[in-house]
Amino acid sequence: AVAEIWRLWQRSGTPELDELMERVAALIGQGLVPLALPLLDGMVARAPEWAEAWNKRATALYLAGEHDRSLADIDRVLALEPRHFGALAGMGLIRMARGEYREALAAFRRALAVNPFLKERLQLIPTLERMVGEKPI
């Protein structure tokens, strides 16, 4: 079910943009984030209502160390698709990197509420719960 959700999110409704998304994902997968970012800028400009374009750019920005810009894109993703567990998990990772452990835990718990198969449930969430002194959910 989770794979099907991701597959649906990857579709813009425009074959050209869908193909570009595949190219961008390949660039990011190869560690070529600087090459992917201009393409993602164009995607969000052309399809501002496509949550996954914003999410993919948020991911690329995170990988580039641009956490403030990544969080801004995550906010946009969640405005368009409040159940986007990938964006919520990304928010959790950024909050962890900043030492904002309560906020990270809250983001991961929101993601887990939407996706009970979230991989972070196994290690990150329990670790954060111990760090902030909260009981496991």
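Each remark here, short or long, concerns the structure printed above.
Residues numbered from 1 in each chain as written. Predicted model: local features only at pLDDT ≥ 70, side-chain atom pairs only at ≥ 80, totals over all residues. Heavy atoms only, no water.

> When you look at the nonpolar core in this model, what are you seeing that I'm missing?
Soluble, globular proteins show a tendency: their nonpolar side chains are buried together. Counting residues in hydrophobic clusters, the biggest one holds 41 residues, and the most contacted among them are Val24, Leu40, Met43, Trp50 and Ile74. If you list the elements that add at least two residues to this core, you get α2 (15–29), α3 (33–46), α4 (51–63), α5 (67–80), α6 (85–97), α7 (101–114) and α8 (124–132). (Core = buried A, V, L, I, M, F, W, Y, C linked by side-chain atoms within 4.5 Å. Buried < 20%, exposed > 50% of the residue type's maximum accessible area, 1.4 Å probe, protein only. Helix = DSSP H or I, 4+ residues; strand = E, 2+ residues; numbered from the N terminus.)

> Looking at this model, I keep getting lost on the pattern of salt bridges. Mind explaining?
Two side chains of opposite charge can pair, provided their charged atoms sit close to one another. Tallied over the full model, the rule gives ten salt bridges. Residue aspartate 68 pairs with arginine 98 through a salt bridge whose shortest N-O separation is 2.1 Å. Remark: arginine 98 occurs in the loop between α6 and α7 and aspartate 68 occurs in helix α5; sequence separation between them is 30 residues. Under the relative-accessibility criterion, aspartate 68 is labelled exposed at 55%. By relative accessible area, arginine 98 is classed as partly exposed at 34%. In this structure, arginine 95 and glutamate 100 form a salt bridge, with 2.8 Å as the shortest nitrogen-oxygen distance. What makes arginine 95 partly exposed here is its relative accessible area of 21%. Residues participating in the shared-partner salt-bridge network are Asp41, Arg57 and Asp73. (Salt bridge = Lys/Arg side-chain N within 4 Å of Asp/Glu carboxyl O.)

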